[in-house]
Amino acid sequence: MADFRLLLGALVATLALSACGGTGGGGGGARTTPSPAPSPTATPGPTPVPPLAKAGPAAMRRLTAAQYRASVADVLGEDAIAPGRFEPDQRVSGLLAVGAADVSVSPAGLEQYDAMAREVARRALDPAHRDAIVPCSPQSTVDDACAASFLRATARRLLRRPVADDEVSAWVAVAREAASELGDFHGGLEVALSAVLVSPEFLFRIDDTEVDPGRGGERFTSLAMAHRLSYLLWNTTPDDDLLDAGERGDLVDPAALAAQVDRLLESERLETAARGLFADAWGFDAIEQGLVRKDPEIFPAFSQEAIRDARDQTLRVVVDQLLARDGDYRELFTTRRSFMTRPLGILYRVPVRSPDGWEEWLFGADDRRDGVLSHVSLLALHSHPGRSSPTLRGKFVREAFLCQDVPPPPGNVDFSMFADDANQKKTTARERLEAHVSNPACAGCHALMDPIGLALENFDGIGVARDTENGAAIDASGSLDGDAYADAPGLGAALARHPQLGPCFVETAFRYAVGRDPVAGERDWLEWVQERFAESGFRLRPLLRTIVTSDAFRRASGPREASAGTSTARPDDASPATARDFR
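Presented here is a report on the structure given in the accompanying data block. (Residues numbered from 1 in each chain as written. Predicted model: local features only at pLDDT ≥ 70, side-chain atom pairs only at ≥ 80, totals over all residues. Heavy atoms only, no water.)

**Considerations on empty space enclosed by the protein**
Step number 1: Tallying each qualifying case throughout the model produces six cavities of 30 Å³ or more.
Step number 2: Taken as a whole, the largest cavity spans an internal volume of roughly 60 Å³.
Step number 3: Lining the largest cavity are L232, L233, L270, A273, A274, L277, Y512, L540 and L544.
Step number 4: Elements that contribute at least two residues to the lining of the largest cavity include exactly α9 (222–233), α12 (270–281) and α24 (540–548).
Step number 5: Counting residues per element, the lining of the largest cavity draws most heavily on α12, at four residues.
Step number 6: Residues belonging to the lining of the largest cavity are distributed by class as follows: nine nonpolar, no polar and no charged.
Step number 7: Its boundaries defined by the atoms lining it, the second largest cavity holds a volume of some 50 Å³.
Step number 8: Around the second largest cavity, the lining residues are L277, F278, A281, W282, Y329, A400, F401, F505 and T508.
Step number 9: Where the lining of the second largest cavity is concerned, the elements lending two or more residues are α12, α17 (390–402) and α22 (501–514).
Step number 10: The element best represented in the lining of the second largest cavity is α12, accounting for three residues. (1 Å grid on protein atoms, 1.4 Å probe; cavity = no way out; pocket = protein on both sides within 12 Å on 5 of 7 lines; lining within 4 Å. Points joined across faces, edges and corners; volume = space filled by probe spheres on them. Helix = DSSP H or I, 4+ residues; strand = E, 2+ residues; numbered from the N terminus. Nonpolar A, V, L, I, M, F, W, Y, C, P; charged D, E, K, R; others polar.)

**Describing the nonpolar core**
One broad rule of soluble globular proteins: the nonpolar side chains tend to lie buried together.
Step number 1: Counting residues in each nonpolar core, the largest one holds 102 residues, and the members touching the most others are L229, F278, W282, Y329, F333 and F401.
Step number 2: Considering each element in turn, this core owes the most residues, nine residues, to helix α14 (residues 304–324).
Step number 3: Leaving out residues up to four positions away in the same chain, Y329 has contacts with F278, L322, F401, L501, F505, F533 and F538.
Step number 4: Residues A80, A82, V191 and L203 belong to the second largest nonpolar core, which totals 45 residues. (Core = buried A, V, L, I, M, F, W, Y, C linked by side-chain atoms within 4.5 Å. Buried < 20%, exposed > 50% of the residue type's maximum accessible area, 1.4 Å probe, protein only. Contact = heavy atoms within 4.5 Å.)

**What about the sheet that holds strand β3 (residues 209–211)?**
Step number 1: Spatial ordering of the open sheet is given by β3-β4-β11, a layout of three strands whose pairing is antiparallel. The sheet is open, and its two edges are formed by β3 and β11 (555–556), each paired on a single side.
Step number 2: Where strand β4 (residues 218–220) and β11 come together, two bridges link them in antiparallel fashion. Bridge assignment links E218 to a residue of β11, and that residue is A556. (Pairing = 2+ DSSP bridges.)

No statement about biological role is implied by the geometric values presented.
This is how it looks when you write it as structure tokens:
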């Protein structure tokens with residue numbers, strides 16, 4: 001039987017990197033919750049006019065592993081999702097969503113996609129599931145009309161566009177040949193479906209542009225807007241309603257676009273998108289890939305089940321705060337509301353009644369578990385296999401929440417003093433880190449990172465609470481850009497007050513939305529969006545609506561220029577679980 005594999009070449013270009021913000025200052029004082037923002041229910045004044053945004057280039061993005069599986073589940077059913085690995089997604093400028101525009105597919109990766117496609121097709125069309133997705137009953141081993149009906153509807157959803165008659169005819173011919181050879185109509189459909197699943201138009205999101213007849217310049221086509229919206233707001237392929245709107249040309253009309261945006265934002269499926277955004281921004285793909293490993297002799301309570309639950313715990317808190325409660329983003333760093341499972345209860349040392357499933361949980365004031373910085377997910381992710389790491393934790397807070405770049409250490413740094421946990425003269429991490437601060441080559445960066453990470457030293461390398469290290473009391477005090485605190489809850493409150501927290505999240509959300517860094521012509525507009533985010537009470541839905549209805553999301557300066565620097569999906573910055581540059 002013919003081999004239906006496709007050959008893909010290098011399809012992407014390098015992405016210009018840009019720093020995202022400077023160091024913000026803050027006043028000192030006692031622990032407080034974030035100051036209230038203007039009430040979103042207050043009588044609105046005139047809508048501020050945004051400054052002109054001169055949008056950046058159009059990108060072509062490879063589906064992430066999560067988007068691939070979500071698209072398969074939506075079109076072919078949850079049971080069609082097959083286990084297996086793809087070539088790794090790449091993290092650029094801190095996001096897989098940006099790296100997706102900077103990766104191609106190697107020959108080995110193509111074989112992985114082909115094997116995955118064949119298994120997905122087999123599962124989707126097995127006897128237990130085929131009736132749910134095939135809209136007709138075949139009249140014989142070869143039934144071109146039934147095959148065409150299935151392939152036209154399925155390919156439309158997978159390729160995110162209407163399919164032409166000649167394309168359908170080609171797939172039907174593949175199905176006919178395979179069915180005749182196998183003596184099985186559905187076996188023939190499997191072969192044709194697997195061909196669709198390795199199409200570059202499925203594996204890559206191609207943002208087509210056109211000349212804007214009203215304003216000049218380039219805008220994304222209505223069909224391109226359909227998948228731009230769906231993968232941002234639902235993290236999956238467009239549904240039929242959105243595709244219909246794209247085919248009619250509605251999504252280049254501001255009023256029709258706004259109506260679809262509101263529909264997507266009010267859907268329960270926005271939860272999946274929020275989880276995708278925060279999982280990407282906070283590096284939870286390392287947990288998904290099983291890269292967070294701990295020394296079992298030092299941390300016998302740690303397990304892969306527990307760390308996966310810890311990831312889900314944090315994302316549940318995000319969804320609860322930002323969507324279910326329509327709350328303030330800053331309160332993620334001060335809230336004591338959480339969720340718990342039996343494996344997590346072991347790490348948090350709390351009783352969990354249910355043997356399986358989730359329970360709502362409220363940490364007490366004495367638990368020191370205020371906000372997501374105290375969650376096992378982030379604490380274990382940004383630690384070493386055998387101990388905590390104030391430097392890795394502080395670096396993560398600076399880069400993920402304040403958009404401040406921390407350069408890597410010099411290549412000749414001696415880490416032996418900090419790594420010597422048994423050194424009786426330097427029993428705590430604070431004392432051992434003095435070796436870095438005393439080195440002029442290290443002092444500047446460590447002054448940015450260490451005071452933050454030291455506030456989290458009351459949690460060990462897997463996030464279990466502790467009061468001492470090597471028998472010595474832990475001093476968790478410090479300051480964040482002049483805002484002093486005594487412990488981890490104080491750090492969370494200081495971060496919530498930090499003037500760069502909101503602007504950084506706006507920029508992260510924008511880069512996630514467009515798959516690239518901002519260009520110079522978008523900077524004034526981004527500052528305007530940051531002001532609107534604050535005025536909305538730092539709420540997620542209004543922020544997403546502002547982004548997707550903007551010129552920066554709807555228009556483009558043209559296609560990205562090709563480059564010889566195309567990556568075959570290797571990360572540009574190592575996972576916190578495996579990076580050992582910082583101690």
